[in-house]
Amino acid sequence: MLRFANSVTYNLRHDACPLQYSFTKPDRILKRHEYMALAKSGRRIQNENFIAVFGPGRHDRPRLGITVTKKVGQAVKRNRIKRLVREFFRLNRQFISGAWDINIIAKNQIADITSEQAYRSLHNIFNRISRYDDPK
């Protein structure tokens, strides 16, 4: 069991495969045309901190893209938000039902959010995505 300073507790099994928690290139949306196709045909859900655009993926796993604009803040703040989103996805992707392509867009007011608030907000978004029918 790992406990972080933000009081979020993760139960990690010691017998779990270390690759289960990795975040490699096949787990990411990398190309502009993939982002554009997702924006054109994907579904949108949002909460107070994030917008999620998601649609059925062509791969056998959920993939993540992250968009944080310069309106959010300087590079340090933008990079922190991206790290939080990547870490949440890396540790919780096994709970996402289906092979979705998901683009998480940070809203402008997110710059000074705590990590616990970000995780709670992302948990809400990913739970709502999981309620949709399996894309395949």
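Heads up: the structure comes first, above all this text.
Thresholds applied
Residues numbered from 1 in each chain as written. Predicted model: local features only at pLDDT ≥ 70, side-chain atom pairs only at ≥ 80, totals over all residues. Heavy atoms only, no water. Buried < 20%, exposed > 50% of the residue type's maximum accessible area, 1.4 Å probe, protein only. Helix = DSSP H or I, 4+ residues; strand = E, 2+ residues; numbered from the N terminus. Pairing = 2+ DSSP bridges. Right-handed = clockwise from strand over helix to strand, strands pointing away. Polar contact = N/O pair within 3.5 Å; in protein donor to acceptor, adjacent residues only side chain to side chain. Contact = heavy atoms within 4.5 Å. Axes fitted to C-alpha atoms, helices over the stretch in contact; angles between N-to-C directions. Parallel < 35°, antiparallel > 145°, perpendicular 65-115°, else oblique. Left-handed = near helix turned anticlockwise from the far one by under 90°. Nonpolar A, V, L, I, M, F, W, Y, C, P; charged D, E, K, R; others polar.

### Examining the pairing of strand β5 (residues 63–67)
- Among the five residues in β5, four count as buried, and that is most of the element.
- Note: β5 against strand β6 (residues 100–106), five bridges, orientation parallel. When the sheet's bridge partners are listed, Thr 67 is paired in β6 with Ile 105.
- In this view, the connection linking β5 to its parallel neighbour β6 by way of helix α2 (residues 75–92) has left-handed handedness.

### Some remarks on the side chain of Arg 63
- Following the sequence through the fold, Arg 63 ends up in strand β5.
- On the basis of relative accessible area, Arg 63 is assigned to the buried category, the value being 5%.
- A distance of 3.4 Å separates a polar atom in the side chain of Arg 63 from a polar atom in the side chain of Glu 34.
- If we ignore the near neighbours within four places in the chain, the residues touching Arg 63 are Pro 26, Asp 27, Arg 28, Ile 29, Glu 34, Phe 89, Trp 100, Asp 101 and Ile 102.

### A short note on the sheet that holds strand β3 (residues 43–46)
- The mixed open sheet is built from four strands, whose spatial order is β3-β4-β6-β5. Each end of this open sheet is capped by a strand with a single partner; those strands are β3 and β5. Averaged over all adjacent pairs, the angle separating strand axes in this sheet is 20 degrees, with direction ignored.
- In this structure, strand β4 (residues 50–56) lies alongside β6, joined through seven bridges in antiparallel fashion.

### Regarding the environment of Asn 127
- Looking at the element boundaries, Asn 127 is found in helix α3 (residues 115–130).
- Sequence separation between Asn 127 and Phe 95 is 32 residues; the distance between their C-alpha atoms is 8.5 Å.

### As for the pairing of β4
- Of all seven residues in β4, six are buried, a share of seventy percent or more.
- As paired strands, β3 and β4 are joined by four bridges and run antiparallel to one another. Counterpart to Arg 43 in the pairing with β4 is Phe 54.
- Where β3 folds back onto β4 in an antiparallel hairpin, the turn is made up of three residues.

### A short note on the packing of α2 against α3
- Running from amino to carboxyl end, α2 crosses α3 at an angle of 50 degrees, the nearest separation of the two axes being 10 Å. Classified by the angle their axes make, α2 and α3 are oblique. Handedness of the crossing formed by α2 with α3: right-handed. Between α2 and α3, the contacting residues are Arg 80, Leu 84, Val 85, Glu 87, Phe 88 and Phe 89 on the first element and Ser 115, Ala 118, Tyr 119, Leu 122, His 123 and Phe 126 on the second.
- For the contact of α2 with α3, the residue count by class is eight nonpolar, two polar and two charged.

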